[in-house]
Amino acid sequence: MQMPAPDQMVIGRKDRIVARLQEVLPRDAVIHDVMETRAYECDALTAYKCPPLCAVLPETTEQVAAVLRICHQENVPVVPRGAGTSLAGGALPTADSVILGVARMNDVLETDYDNRFVRVQTGRTNLSVTGAVETDGFFYAPDPSSQLACAIAGNIAMNSGGAHCLKYGVTTNNLLGVRMVLMDGTIVDLGGAHMDAGGIDLLGVVCGSEGQLGVVTEATLRILPKPEGALPVLIGYDSNEVAGQCVSDIIQAGVLPVAIEFMDRPCIEATEAFAKAGYPMCEALLIVEVEGSPDEIAHQLDLISEIANRHNPVEIRQAADADQAARIWLGRKSAFGAMGQINDYMCLDGTIPVSQLPYVLRRIGEMSAEYGLGVGNVFHAGDGNMHPLILFNANKPGDLEKCEAFGADILRLCVEVGGCLTGEHGVGVEKRDLMTTQFDPEDIEAQLRVKDVFDPKWLLNPAKVFPLAATQARRTVG
Ligand SMILES: Cc1cc2nc3c(=O)[nH]c(=O)nc-3n(C[C@H](O)[C@H](O)[C@H](O)COP(=O)(O)OP(=O)(O)OC[C@H]3O[C@@H](n4cnc5c(N)ncnc54)[C@H](O)[C@@H]3O)c2cc1C
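Analysis parameters
- Residues numbered from 1 in each chain as written.
- Predicted model: local features only at pLDDT ≥ 70, side-chain atom pairs only at ≥ 80, totals over all residues.
- Axes fitted to C-alpha atoms, helices over the stretch in contact; angles between N-to-C directions.
- Helix = DSSP H or I, 4+ residues; strand = E, 2+ residues; numbered from the N terminus.
- Parallel < 35°, antiparallel > 145°, perpendicular 65-115°, else oblique.
- Contact = placed C-beta atoms within 7 Å.
- Nonpolar A, V, L, I, M, F, W, Y, C, P; charged D, E, K, R; others polar.
- Core = buried A, V, L, I, M, F, W, Y, C linked by C-beta atoms within 7 Å.
- Buried ≥ 20, exposed ≤ 12 C-beta atoms within 10 Å, placed from the backbone.
- Domains from an automatic or database assignment.
- Near = placed C-beta within 6 Å.
- Arc of directions from axis to C-beta.
- Pairing = 2+ DSSP bridges.
- Left-handed = near helix turned anticlockwise from the far one by under 90°.

Running from amino to carboxyl end, helix α10 (residues 265-275) crosses helix α12 (residues 322-342) at an angle of 95°, the nearest separation of the two axes being 8 Å. The angle between α10 and α12 places the two elements in the roughly perpendicular class. Seen from α10, the contacting residues are C267, A270, T271, E272, F274 and A275; seen from α12, they are L330, G331, S334, A335, G337, A338, M339, Q341 and I342. Here the contact of α10 with α12 is composed, by residue class, of nine nonpolar, five polar and one charged.

Our focus in this paragraph is the nonpolar core. Residues V247, F262, L286 and I390 are the most contacted members of the largest nonpolar core, which totals 72 residues. Two domains share this core, each providing at least three of its residues, namely domain 1 (8-103) and domain 2 (230-416). Ignoring any residue separated from it by four or fewer positions in sequence, one finds F262 in contact with A243, V247, A284, L286, N377, V378, F379 and A381. Counting residues in hydrophobic clusters, the runner-up holds 64 residues, among them A55, A91, M105 and A151.

It is worth spelling out the site of the ligand at this point. Close to the ligand lie 36 residues, the nearest being G82, G90, G154, A157 and G211. Elements with a contribution of two residues or more to the shell around the ligand: β3 (78-81), α6 (152-158) and β10 (215-222). Examining the composition of the shell around the ligand, we find that five residues originate from one element, α6, more than from any other. A breakdown of the residues in the shell around the ligand according to their chemical character gives 16 nonpolar, 16 polar and four charged.

The subject of this paragraph is the domain arrangement of the chain. The domain boundaries assigned to the chain delineate domain 1 (8-103) and domain 2 (230-416). Centre-to-centre, using C-alpha coordinates, domain 1 lies 37 Å away from domain 2.

Looking now at helix α2 (residues 14-24). Buried within α2 are the following residues: I17, R20 and L21. The buried residues of α2 occupy an angular sector of 100° when the element is viewed end-on, so they sit on one face. Exposed and facing more than 90 degrees away from the buried side of α2 are D15, R16, A19 and E23.

The next thing to look at is the environment of A253. The topology assignment puts A253 in the loop between α9 (240-252) and β13 (259-264). Remark: the alpha-carbon pair of A253 and I307, spanning 54 residues in sequence, is separated by 8.7 Å. Setting aside residues up to four positions removed in sequence, A253 forms contacts with L303 and I307.

Take the pairing of strand β14 (residues 284-291) next. Regular strands place side chains that alternate from one sheet face to the opposite one. Judged by how many residues are buried, β14 sits mostly within the fold: seven of eight residues are covered. When strand β12 (residues 230-237) meets β14, the two strands line up antiparallel, connected through eight bridges. Opposite I235, over in β14, you have L286 as the bridge partner. Judged from the six bridges that link them, β13 and β14 form a sheet pairing that is antiparallel. Across the sheet, residue M263 finds its bridge partner in β14, namely L285.

Axis angle and axis distance: for two packed helices, these are the angle between their axes and the distance between the axes, and together they describe the pair. Between α9 and helix α13 (residues 357-371), the shortest axis-to-axis distance is 8 Å and the interhelical angle comes to 155°. Of the possible angle classes, the one that applies to α9 and α13 is roughly antiparallel. For the pair α9 and α13, the sense of crossing is right-handed. Every residue of α13 that contacts α9 at N240, E241, G244, Q245, V247 and S248 is listed here: L357, P358, L361 and R362.

Turning to the sheet that holds strand β9 (residues 187-191), a few remarks are in order. Judged by pairing direction, the sheet is antiparallel, and its five strands sit side by side in the order β5-β6-β10-β8-β9 without closing on themselves. At either end of the open sheet lies a strand with only one pairing partner, and these are β5 (108-112) and β9. Neighbour-to-neighbour, the strand axes of this sheet turn through a mean angle of 10°, independent of strand direction. Of the pairings in the sheet, the one linking β5 to strand β6 (residues 117-121) comprises four bridges and is antiparallel in character. Opposite D112, over in β6, you have F117 as the bridge partner. Where helix α5 (residues 126-133) meets the sheet, it contacts β5, β6 and β10, and its direction lies at approximately 130° from that of β6.

Strand order in the open sheet formed by seven strands is β15-β12-β14-β13-β17-β18-β16, and the pairing between neighbours is antiparallel. On the outer flanks of this sheet lie β15 (315-318) and β16 (344-347), each paired with one strand and no other. Across the sheet, the axes of successive neighbouring strands diverge by a mean angle of 15°, strand direction being ignored. The pairing of β12 with β15 spans four bridges and is antiparallel. Paired with L234 across the two strands is R317, which belongs to β15. Packing against the sheet, α10 makes contact with β13, β14 and β17 (375-380), and its axis sits at approximately 90° to β13.

Written out as structure tokens, the structure is:
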């Protein structure tokens, strides 16, 4: 993965830039010591690292605007950062860039149960949004597995999803409005406290724009009343393909579970060793969760079990109460950590039409044998959002490159079968060079023109999302 050479003129002006930033921020909010900047050298895609020029931690929208104004005048690239959990390298700095972290901006600004929204500063973690309203019987639906750590800022930038997004939609379906600061320091409000604000849907453009258009400082989020109850059923199969077919059949039958999660044998074995959730040893496991009143839950679980039984499951285990439900979820929620204990891995994020699951799973198995690298599959199967985890050894020369090539082939396969490069993790640097697989030059040019409008100097989060060759002329303008 290539990054452009940093601007030495900017690096040479570091002292002056830091001094100007210190004029508008508290002293401890400007981190410029070389050792301390290493804390910001990467996000959760740890294969790529580069300490920034400096990092700033503002506490208000006005401070963000003041920082951006200075960086705009000084032609300094800015990389917005939430909690740094991006798996796509979205918050990876360059040596000439300022990291603008919103971690200190984590207040709840307004809660309105009558109109069902909460307004927060975007440094607030995903889980603590629900934490702020759950005692009053409400919750915020999008639930990335990283929800304990990741911030609403990154969720908006990546249009993040999670297990329960099958029913409730991803971030864009639960975002009502944002306050955002443009690169020149202008503060804009998009959307409002209600669905579907008037005018062009600029909120829809901003959600999922990966820090390319502005720094989002406040978000108005839709909250929902907690359902009466929810219960999962665990279904084991002797084959990945059969499990994939079962998912496809559940969706085709018109049942709408809140979640359908999939784990294959490598993941089952790793999570059993790690979390001891009591899963059956089989080739593939599905966790299907439904919610509603006790009658609704019973009805839906019966339908799902009937469909599952048509495919000769190894086991069907319906949770009868909250304890059994937590046990079923325990392994799935520990899966990423468990896989990390046994190997280095790269987590992919392609999305495919659900009916293609059996074929794509088989092809991934074949490619795994061809590349000689193991793969574990754990993903949101209900909406076709695959997360193959390619296992490799970071200390073995050539293994990372082999893993990257294998990952690229899997993502090309996703596009080939009618899906796309990313379901929820975003493009970042990870899939940047694959964008030409999905978009022709005219499509990419149209997207670049959107950025031209918001960030004419191309200073925000440069060298991400779009292939370097397509953006080079624009980046040098900055
Ligand atoms: C173990 C694990 C599990 C995960 N599971 C899921 C999952 O289930 N679903 C899912 O969708 N993702 C998942 N992720 C990926 C990641 O957590 C999400 O992409 C998350 O939304 C990133 O949030 P963050 O605050 O950490 O953002 P960061 O990593 O800090 O940044 C992500 C992107 O957002 C931009 N950005 C940050 N702040 C702002 C801002 N204020 N304004 C504009 N742009 C900004 C950055 O420039 C970058 O491009 C997982 C990650 C890990 C490590």
